[in-house]
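Reading the structure
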Amino acid sequence: MKNPQVASVLHEIADLLELSGENPFRIRAYRRAAMNVEAIPKDVAAMGEEELFSLPGIGKDLAHKIRQFVDTGRIDIHEELQKKIPRGLLEILRVPGIGPKTARLLFDRKNVKSLEELEALVRSGRLAGLPGIQAKTEENIRKGIGQLRKGMERFPLGKALPIARGIVDLLQEAVPRARFALAGSIRRWKDTVRDIDVLAAGKKPEAITNAFVGLPGTREVLERGATKSSILTVDGIQVDLRVVAEDSFGAALQYFTGSKEHNVRLREMASRRGLKINEYGVFREADGRRLGGREEEDVYKALGLPFVPPELREDAGEIEAAIEGKLPGLVSLADIRGDLHVHTKWSDGAHDLDAVVGAARARKYDYVAITDHSKGLGVARGLTEERVRGQIAEIDAANRKAKGFRVLKGIEVDIRGDGTLDLPDALLSELDIVVASVHSGFRQPGEQLTKRLVAAIRNPYVSVIAHPTGRLLGEREAYPVDMEAVIAEAARHGKALEINAYPLRLDLSDAWARAAKRRGIPLAVSTDAHILANLDFMQYGVSIARRGWLEPGDVLNTLPFPKLARRLQAMRGKRA
DNA sequence: GCCGTTTTCGGCCCGACTGTTTTCAGTCG
C-alpha cells in the first residue's frame, strides 16, 4: 500500500508551495488530493492514470504526478521546490503560531533554515524588530517551539472523552440555563483527538466565558474573546469554547463538529445554490435572509440532504451517499446483544464467571462469550487443556441455572510464532466460539505476521481474529501485517474480524472496518474486558463500527442468540 | 490544480483572535 507515502509527498509539495507564496488554490488542490489518497482503501500503486483521474480532486496533472511517484519514487516539482527551499523550513512550519509567511520572513531576513537555528535566535532575543514581530510574538514563538518539542500530542478518545464530559458537566452546573454540547472530532468519535471543542449558547455569554476560563484544572488561558476562548488543562489538552446565540446553536453545532473537509463541501454546495452557510445559520445570498440554524438539521435540509450522522462527516463519500439517499442505517449501542470477548479470573481477568454474567445481564445483553487466554500466554495465566475443560464444566453449570441468558464457551487462543494455534483442534471443536490473536513476535517481518493470521483464519474452528493489527494508540504502531490479504482470506472462509473496543486498541480501525464490510466480512464488536467496568468500552467499539459505515447486519453480536449460534456453527469446517 | 444543475474560464468556504497595526495581515480551525 503506497497511499501514505503518496499522501505525504503531496502534503510536502503543498507546504513547499506555501513557503514559495504560491496560489492558495493550487496549494489546496494538493492538500485535497493528499487527503483523498489517504482516505481510499485501494492501493494507488495498483491504479492506472485513468483510474486515478476518476478520483475526486485528482485531475489529469495530479494523476500523472502520482503515477510518476509510484513508478520512480520522485516527482519533478517536488525536486525543484526542494532545491529552492531548505527542508528545515518544513519543520519551522510545524511550530504553532508560525505559518508560511513568518517562516519565509525568518528565512529571508535572518537566514533561519532549521528549528535549531530558530531556537538559538529566539534565545538571543534577536527576533523582535522584524516587521510584524515584537515581544509578544517572540514569546509566542518560544512557546510554540516548546509545544512542538513536547510532541503535538494526540489523545486517545478514551482519555479525552471522559475529561470532555466532565468539563461540560461543570459548565452546565455553573450556568444552568445555558445550552452546552461537545463538538469537533470528539463528537465524530475519532479514535484520537487533538483538542476538545465545546459549544455553548445562552443569554449571558459573559457568564459562560467566565465559567470556562475559571474551570478547575486549567493550567493556562490561551485565548479569551467574546465568542471564542481556549484553555490548556493540567492534562495538557487544549479546550476550545465557542459561544453563540441560542437560535444559532444548530448551525454552530454543525459548523464546529466538522470535519473541516465535510463542511467545505457543504459550503461549496450551498454557494452553488445561492446560499451561504456559516456558524450563525443558513442565509440566502441574494437578500441575506436567514433560512434556519436553530437546529442542526436545518443546515442539511437547506441543501436538500438528509441528516448526516457526525461519525460519517469526513468527506469520505457520505455527501454523495446523502445526495443519492444511500446513507447507511448505522449500528448503535442499543443493537448490541452481547459481548464476544471477555476475560475472567480463570486467566488475567479480575472477576469470576458469576460476576461477569451479572454485569452482562445488567447491560441488558442476551449473551456473553467467555474467552480467557490460552496457555501460551504464561504471564496472563493462560489456560491449559485441562483448565479449559474445567471452565467448560463451570459454564455448562452456569447455563443450566441462567434463564433467558447464555454464556458462550470460548477461548482467546494464542496464534504462535509459526502460525499454529496454542491448543489442539479437538479441544477447540468443543467450544462455541474461538477468538484467535497474536500476542508475541510483533517484530517479525510483515510477511510472517500475515502468514500467521492467514493460517489462523484457515483453521476450521477459529471464529474471530481479535485485534488484528495489534496497534496501541500512542504506544505501538500496527504491526506490518498485510491487512488486505487478511481481509481477503477472512472473506474466503467466512470468518469474522474483531473491532476491539478497548480505547487504546480500537482495532480494527474505522478505515479497515469499512474495508472489511465492503468484502462482506462480519465484524465482532467486543470489549476484551478484564474488569467489569471495561464492559462499558462497548461505546467506543460501536463508534468505530459507525465510523466504518457498519449497519446492524454487519455486526455479529447484534444477532439474537439462536441466530448467532447458527452463524458460528456455519463458520466451521469451511476449509479452502 | 480542480471543476461545472448559471461557467471549459474564472471561480475556488468562512469567520474569530492576536498582535501589530491606524485598517490589517497572519494564523487557525
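Fair warning: this is a prediction, and the values are worked out from it, not measured in the lab.

Focus on the overall build of chain A
Helix and strand counts for chain A come out as 24 helices and 17 strands. Against the globule reference of 25 Å for 576 residues, chain A gives a C-alpha radius of gyration of 26 Å, in line with a compact fold. Counting only C-alpha atoms, chain A reaches 80 × 60 × 50 Å along its principal axes. Per-residue burial over chain A gives 53% buried out of 576 residues. When contacts within chain A are restricted to residue pairs at least 6 apart in sequence, those whose partners lie at least 24 apart make up 67%. For chain A, the accessible surface area stands at approximately 25700 Å², while carbon and sulfur atoms represent 51% of it. Side chains of chain A give 90 positive and 80 negative charges; the mean places of these two sets differ by 2 Å.

Some remarks on the nonpolar core
Grouped together as the largest cluster of nonpolar side chains are 93 residues, with contacts concentrated most on Phe180, Ile186, Ile196, Val198 and Leu497. Formed jointly, this core draws a minimum of three residues from each of two domains, domain 2 (155–244) and domain 4 (333–570). Ignoring anything within four residues of it in the chain, the contact list for isoleucine 196 reads Ala160, Ile163, Ala164, Leu182, Ile186, Ile237, Gln238, Val239 and Asp240. Ranked by size, the runner-up nonpolar core spans 50 residues in total, among them Ala34, Leu62, Leu89 and Ile141.

Overview of the confidence of the model for chain A
With 99% of its residues at a pLDDT of 70 or more, chain A shows a mean pLDDT of 90. The secondary structure element of chain A with the lowest average pLDDT is helix α9 (residues 135–150), at 82, and the one with the highest is strand β17 (residues 523–526), at 98.

Some points on the domain arrangement of chain A
The assigned domain composition of chain A is domain 1 (3–150), domain 2 (155–244), domain 3 (249–323) and domain 4 (333–570). Counting across the domain 3 and domain 4 interface gives 2 salt bridges. Among the ionic pairs, arginine 547 bridges to glutamate 314, the shortest N-O distance being 3.0 Å. Across the side of domain 3 that touches domain 4, the residue classes break down as 4 nonpolar, 1 polar and 3 charged.

As for the pairing of strand β11 (residues 338–342)
Across the 5 residues of β11, 5 count as buried, placing the element largely inside the fold. Crossover β11 to strand β12 (residues 367–370) through helix α17 (residues 353–362) is right-handed.

Brief notes about the protein's contact with DNA strand B
Around DNA strand B, 48 residues are found, and the nearest of them are Arg28, Gly59, Gly97, Thr102 and Arg267. Each atom of DNA strand B within 4 Å of the protein belongs either to a base or to sugar and phosphate, the latter forming 78%. One of the side-chain N or O atoms of asparagine 140 is found 3.5 Å from a phosphate oxygen in DNA strand B. Contact between DNA strand B and lysine 276: a phosphate oxygen at 3.4 Å from a side-chain N or O atom of the residue. In terms of residue class, the surface near DNA strand B is made up of 17 nonpolar, 13 polar and 18 charged.

What about the pairing of strand β5 (residues 218–224)?
Of the pairings in the sheet, the one linking β5 to strand β6 (residues 228–233) comprises 5 bridges and is antiparallel in character. Bridging from a neighbouring strand, arginine 224 pairs with serine 229 of β6. Connecting the antiparallel pair β5 and β6 is a turn made up of 3 residues.

Quick word on the sheet that holds strand β16 (residues 496–500)
Ordered in space as β11-β12-β13-β14-β15-β16-β17, the 7 strands form an open sheet in which the pairing is parallel. The open sheet terminates on both sides in strands that have one partner only, identified here as β11 and β17. Both β12 and strand β13 (residues 406–414) contribute to a ladder of 4 bridges, which runs parallel. Paired with valine 368 across the bridge in β13 is valine 407.

Brief notes about the pattern of salt bridges
As enumerated under the stated definition, the model contains 42 salt bridges in all. The salt bridge partner of arginine 416 is aspartate 422, with a shortest N-O separation of 3.6 Å. Under the relative-accessibility criterion, arginine 416 is labelled partly exposed at 35%. It is possible to trace a salt-bridge network through shared partners that takes in Asp15, Glu18, Arg31 and Arg94.

So, helix α1 (residues 3–19)
Taking 1.5 Å as the rise per residue, α1 with 17 residues should run 24 Å; its terminal C-alpha atoms sit 24 Å apart, in good agreement. Of all 17 residues making up α1, 12 are buried, and the element is well covered by its neighbours. Listed in full, the buried residues belonging to α1 are Asn3, Val6, Ala7, Val9, Leu10, Glu12, Ile13, Ala14, Asp15, Leu16, Leu17 and Leu19. The inward-facing, buried residues of α1 contact α2 (24–39), α4 (60–72), α5 (76–84), α6 (88–93) and α7 (100–110). Looking one or two residues past α1, glycine 21 carries a phi angle of roughly 70 degrees, positive in sign.

Thoughts on the packing of aromatic side chains
In total, this model carries 6 aromatic pairs according to the counting rule given. Taking 6.2 Å as the distance between ring centres and 55 degrees as the angle between the ring planes, the aromatic pair formed by tyrosine 367 and phenylalanine 561 counts as tilted. Within this pair, whereas tyrosine 367 is found in strand β12, its partner phenylalanine 561 is found in helix α24 (residues 561–571), the two being separated by 194 residues in sequence. Each member of the aromatic cluster is reached from another via a ring pair, and the members are Trp189, Tyr502, Phe537 and Tyr540. When the ring centre of tryptophan 549 is taken as origin, the NZ or CZ atom of arginine 514, which lies over that ring, is 4.0 Å away.

Cut-offs used in this document
The written sequence of each chain sets the order in which its residues are numbered from 1. All chains are assigned letters beginning with A, and all ligands numbers beginning with 1, in the order in which they are written. The predicted nature of this model means local features are confined to residues of pLDDT at least 70 and side-chain atom pairs, given and counted, to a pLDDT of 80 or more, with totals for whole chains, interfaces and linings taken over all residues. The basis for the side-chain values is all heavy atoms of the structure; hydrogens and waters are excluded. A run of DSSP states H or I qualifies as a helix once it reaches four residues; a run of E qualifies as a strand once it reaches two. Both are numbered from the N-terminal end. Both definitions apply: the radius of gyration is a C-alpha atom measure, and the globule rule equals 2.2 Å times residues to the power 0.38. When accessible area is computed with a 1.4 Å probe and restricted to protein chains, residues below 20% of their type maximum are described as buried, those above 50% as exposed, and intermediate ones as partly exposed. Contacts are residue-level and defined by heavy atoms, with any inter-residue pair within 4.5 Å sufficient. Reported accessibility uses the Shrake-Rupley method at a 1.4 Å probe radius. Residues are deemed covered only where the shown protein chains occlude them. Only four residue types enter the tally: Lys and Arg on the positive side, Asp and Glu on the negative side, with His and both chain ends excluded. Charged groups are reduced to one reference atom each: NZ for lysine, CZ for arginine, CG for aspartic acid, CD for glutamic acid. The set of buried Ala, Val, Leu, Ile, Met, Phe, Trp, Tyr and Cys residues whose side-chain atoms join them within 4.5 Å is what this entry labels a nonpolar core. For the purposes of this description, domain bounds are those given by an automatic or database domain assignment. Note: pLDDT gives the predictor's confidence per residue, expressed from 0 to 100. Salt bridge criterion: a side-chain nitrogen from Lys or Arg within 4 Å of a carboxyl oxygen from Asp or Glu. Asp, Glu, Lys and Arg are counted as charged, while Ala, Val, Leu, Ile, Met, Phe, Trp, Tyr, Cys and Pro are counted as nonpolar; the rest, among them Gly, fall into the polar class. With the strands pointing away from the viewer, any crossover whose connection runs clockwise from the first strand over the helix to the second is right-handed. Residues are labelled near a given molecule or strand when at least one of their non-hydrogen atoms is within 4 Å of it. For this analysis, a polar contact is any N or O atom pair within 3.5 Å, provided that within protein one partner can donate a hydrogen and the other can accept it, and provided that sequence-adjacent residues contribute only side-chain to side-chain pairs. Think of it this way: DSSP has to see at least two bridges between two strands before they count as a pair. Given the number of residues in a helix, its expected span is that number minus one, multiplied by 1.5 Å. Under the pairing criterion, centres of Phe, Tyr and Trp rings, with the six-membered ring standing for Trp, must be within 6.5 Å; the plane angle then separates stacked pairs below 30 degrees from edge-to-face pairs above 60, leaving the rest tilted. In this scheme, the term charge over a ring applies when either NZ of a lysine or CZ of an arginine sits within 6 Å of the ring centre and within 35 degrees of the ring normal.

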